[in-house]
Amino acid sequence: MGVLMSRRQTVERVQKVSLAVSAFKDGLREQPSTRRRAEAGTARQGTLEQEVQEGEEEALAGPSQPEESSASKAAWERLRDGRGVEPEEFDRANRFTPPAFIRPKRELHDDEPPDISLEQREQILNDEMCEICEVWTAESLFPCRICHRVYHDGCLRRMGYLQKDSAVEVTETAHTETGWSCYYCDNLNLLLTEEEMYSLMETLRNCKIIPESCLTLDDFLHYKHQVHKQQFERTMPEAQEEQAALQFNALDPDKKGHIEWQDFLSHESIQLLQKIRPQNALLRLLTPKERERARTAFLALDQDNDGFIGEAECRQARHTWFRKHQKEMLSCNVSISHVGPISEGSPASSRNGKSPEKILPAAKQEETRSIDWPGFLRENVAYILAARPNSAALHLQPLA
């Protein structure tokens, strides 16, 4: 008789198998010299002195290529597997088994336009049981604002995804309009396929980016210059450098002088998705909650109910999508319908020194172009996805 396994047990088994396969592959890659010595040992019995001499010769010759430190190697492995930065000083003896993340795969129909109706509203239903322990406890469950999953705060702590002050944030925001993103949705890097992830890792290696490190403005601009030169074989124009500086400013809302690794990785992941995938493929990544929030935003902007909004209104919605972390705004939906001009202190106006008056003429010209519901989704889908993380950083700075 077969044995039924719960979802958590299935995940644990899949993870153990994947870890075993990974360890086996790593062992094969790391032990070529050991295998050669073993083969040689079958042909002749070496003495202790010969083995010592061989070891000394290898030590003098040195490795054929520089070996990464164990910490750096572990960081690259976490990047490859989408696990993010490991929490420090965590009691691993009492933690749950972390999930085995499986990266998505592209489907044949991904590039076809999806049918997302404006008139037909979607019913939003959350899971009834905790994603981790599969226990139902009603009001004590914290729902994700992006997907259908729900969690216990205790389970999140034992998984290592809820640390110190973040527990208070989850408690305060999970049941509000603002909401909280679970560890699946908070990590934009998990949207990348294996091929896309390896492409990003190759770019980071070529540009000498150290995983899990913070980047200063000079580091960020140097990286952007290198990427541009590798892609186009020419120096990055000054206008793009100014835009990169604006993006850095948006990724550093607290003005600490550097951006965190997870924010940098989220920014690079959404940038790569924009470059590689067509908009129809990005639209298929939207969850029912995100589509419903987009409907609410569009209907709030369509004052005359003719199915069209102006370019200026679309651009305003793009900016206000990221205001979910401001305490004075109760919800993103409400703020979108009460949008004003960008303030002088916002990231879009703080580094380039341009006054808002210089943007107004262009905005007036854009007001003549009308945008329908499908166009609104296509022009905002990347910003909707970029707004998933809980971080206050703007992972994709909207253009002015």
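Model, not experiment: these values are computed from the prediction.

### Let's talk about the packing of helix H8 (residues 217–232) against helix H9 (residues 238–251)
Running from N to C, H8 and H9 cross one another at 135°; their axes reach a closest spacing of 10 Å. Classified by the interaxial angle, the pair formed by H8 and H9 is oblique. The handedness of the crossing between H8 and H9 is right-handed. Where H8 approaches H9, its residues Leu217, Phe220, Leu221, Lys224, His225 and His228 are matched on the opposing element by Gln240, Glu241, Ala244, Ala245, Gln247, Phe248 and Leu251. Of the residues assigned to the contact of H8 with H9, the class counts are 7 nonpolar, 4 polar and 2 charged.

### Quick look at the nonpolar core
In this structure, Leu79, Leu204, Ile209, Phe264, Trp373 and Phe376 are the most contacted members of the largest nonpolar core, which totals 53 residues. A per-element tally of this core places helix H17 (residues 373–386) first, with 9 residues. Apart from the residues within four sequence positions on either side, Phe376 is in contact with Ala294, Ala297, Phe298, Leu301, Ile309, Cys314, Ala317 and Ile371.

### Observations regarding unusual backbone geometry
Even without being glycine, Glu212 reaches a positive phi, approximately 65°. Residue placement: Glu212 occurs in the loop between helix H7 (194–206) and strand S3 (215–216). A relative accessible area of 26% places Glu212 in the partly exposed class. The backbone of Glu233 shows a phi angle near 60°, a positive value even though the residue is not glycine.

### With respect to the pattern of salt bridges
Per the stated rule, a full pass over the model turns up 15 salt bridges. The partner of Glu260 in a salt bridge is Lys256, and the shortest N-O contact between them spans 3.0 Å. The partly exposed category is assigned to Lys256, whose relative accessible area is 43%. Arg388 is the salt-bridge partner of Glu290, the closest N and O atoms lying 2.8 Å from each other. With Glu290 in helix H12 (residues 288–301) and Arg388 in the segment after H17, the pair connects residues that are 98 residues apart, well separated along the chain. Neither residue differs from the other here; Glu290 and Arg388 are each classed as buried. One network of salt bridges, in which partners are shared, links Arg121, Glu122, Arg291, Glu292 and Arg295.

### A few points about the environment of Cys314
When you line up the elements, Cys314 lands in helix H13 (residues 311–320). For Cys314, a relative accessible area of 0% gives the class buried. C-alpha of Cys314 to C-alpha of Leu301: the two residues are 13 residues apart in sequence and 8.3 Å apart in space.

### So, the packing of aromatic side chains
Scanning the model with the defined rule gives 13 aromatic pairs in all. Judged by centre distance (5.3 Å) and plane angle (75°), the rings of Tyr223 and Phe264 are edge-to-face. Taken together, the positions of Tyr223 in helix H8 and Phe264 in helix H10 (residues 261–276) put the pair 41 residues apart, joining distant regions of the chain. Take Tyr223: its relative accessible area is 2%, and that puts it in the buried class.

### Considerations on H17
In this model H17 runs 20 Å from its N-terminal to its C-terminal C-alpha over 14 residues, within 8% of the 20 Å that 1.5 Å per residue would give. At Asn380, H17 shows its strongest bend, of approximately 50°. The element H17 is extensively covered by neighbouring structure, given that 11 of its 14 residues are classed as buried. On its buried face, H17 sits against H10, helix H11 (279–283), H12, strand S5 (309–310), H13 and strand S6 (370–371). N-capping of H17 is provided by Asp372, with a side-chain oxygen placed 2.9 Å from the backbone N of Gly375.

### Some words on the side chain of Asp302
In this structure, Asp302 sits in the loop between H12 and S5. For the buried residue Asp302, which engages in no salt bridge, the nearest side chain bearing the opposite charge is Arg121, 11 Å off.

### Quick look at the environment of Gln247
Residue placement: Gln247 occurs in helix H9. Not counting the four nearest positions on each side in its chain, Gln247 is found in contact with Phe220, His267, Leu394, His395, Leu396 and Gln397.

### Thoughts on H9
Between its first and last C-alpha atoms H9 spans 20 Å; for 14 residues at 1.5 Å apiece the expected length is 20 Å, and the two agree. Along H9, the residues that are buried comprise Ala244, Ala245, Leu246, Gln247, Phe248, Asn249, Ala250 and Leu251.

### Some words on the environment of Ala297
Examined against the element boundaries, Ala297 turns out to sit in helix H12. Residue class for Ala297 comes out buried when judged on its relative accessible area of 0%. Sequence separation between Ala297 and Trp321 is 24 residues, and the spatial gap between their C-alpha atoms is 9.2 Å.

### Focus: the confidence of the model for the protein chain
Put simply, the protein chain has an average pLDDT of 75, and 66% of its residues get 70 or more. When the criterion is pLDDT under 50, residues 1–5 qualifies, and its contacts beyond four places in sequence or with other chains add up to 3 contacts. Contacts from residues 58–66, a stretch scored under 50 in pLDDT, to residues over four places away or in other chains number 1 contact.

Cut-off values and rules
- Per chain, residues are indexed from 1 in the order of the written sequence.
- Since the coordinates come from a predicted model, pLDDT governs what is reported: local features require at least 70, and pairs of side-chain atoms require 80 or more to be given and counted, while whole-chain, interface and lining totals use all residues.
- The basis for every side-chain value is the complete set of non-hydrogen atoms in the structure, without hydrogens or water.
- Throughout, an axis means a line fitted to C-alpha atoms (over the contacting stretch in the case of helices), and angles, computed between N-to-C directions, take values from 0 to 180 degrees.
- Each helix is a run of H or I in the DSSP string that is no shorter than four residues. Each strand is a run of E no shorter than two, and both are numbered from the N terminus.
- The labels follow the angle: roughly parallel below 35 degrees, roughly antiparallel above 145, roughly perpendicular from 65 to 115, and oblique for the rest.
- Handedness of a helix crossing follows the sense of rotation of the near helix relative to the far helix, less than a right angle counterclockwise being left-handed and clockwise being right-handed.
- Contacts are assigned to residue pairs that have any heavy atoms within 4.5 Å of one another.
- Each residue is assigned to one class: nonpolar for Ala, Val, Leu, Ile, Met, Phe, Trp, Tyr, Cys and Pro, charged for Asp, Glu, Lys and Arg, and polar for all the others, Gly among them.
- Note on terminology: a nonpolar core comprises buried Ala, Val, Leu, Ile, Met, Phe, Trp, Tyr and Cys residues joined through side-chain atoms within 4.5 Å.
- Here's how the labels work: a residue is buried when its accessible area is under 20% of the maximum for its type, exposed when over 50%, partly exposed in between, all with a 1.4 Å probe on protein chains only.
- Any carboxyl oxygen of Asp or Glu that lies within 4 Å of a side-chain nitrogen of Lys or Arg is treated as forming a salt bridge with it.
- Any two rings among Phe, Tyr and Trp, with Trp reduced to its six-membered ring, count as a pair given centres within 6.5 Å; such a pair is stacked if its planes are under 30 degrees apart, edge-to-face if over 60, and tilted if neither.
- By this rule the span expected of a helix is its residue count minus one, scaled by 1.5 Å.
- Bending is quantified residue by residue as the angle between axes fitted to the seven-residue window ending at that residue and the seven-residue window starting at it.
- Here a polar contact is taken to be a pair of N or O atoms separated by no more than 3.5 Å, where protein atoms must pair a possible hydrogen donor with a possible acceptor and residues adjacent in sequence count only if both atoms sit in side chains.
- In summary, the charge assignment counts Lys and Arg as positive and Asp and Glu as negative, without counting His or the chain termini.
- By definition, pLDDT measures how confident the predictor is in each residue, and it falls between 0 and 100.

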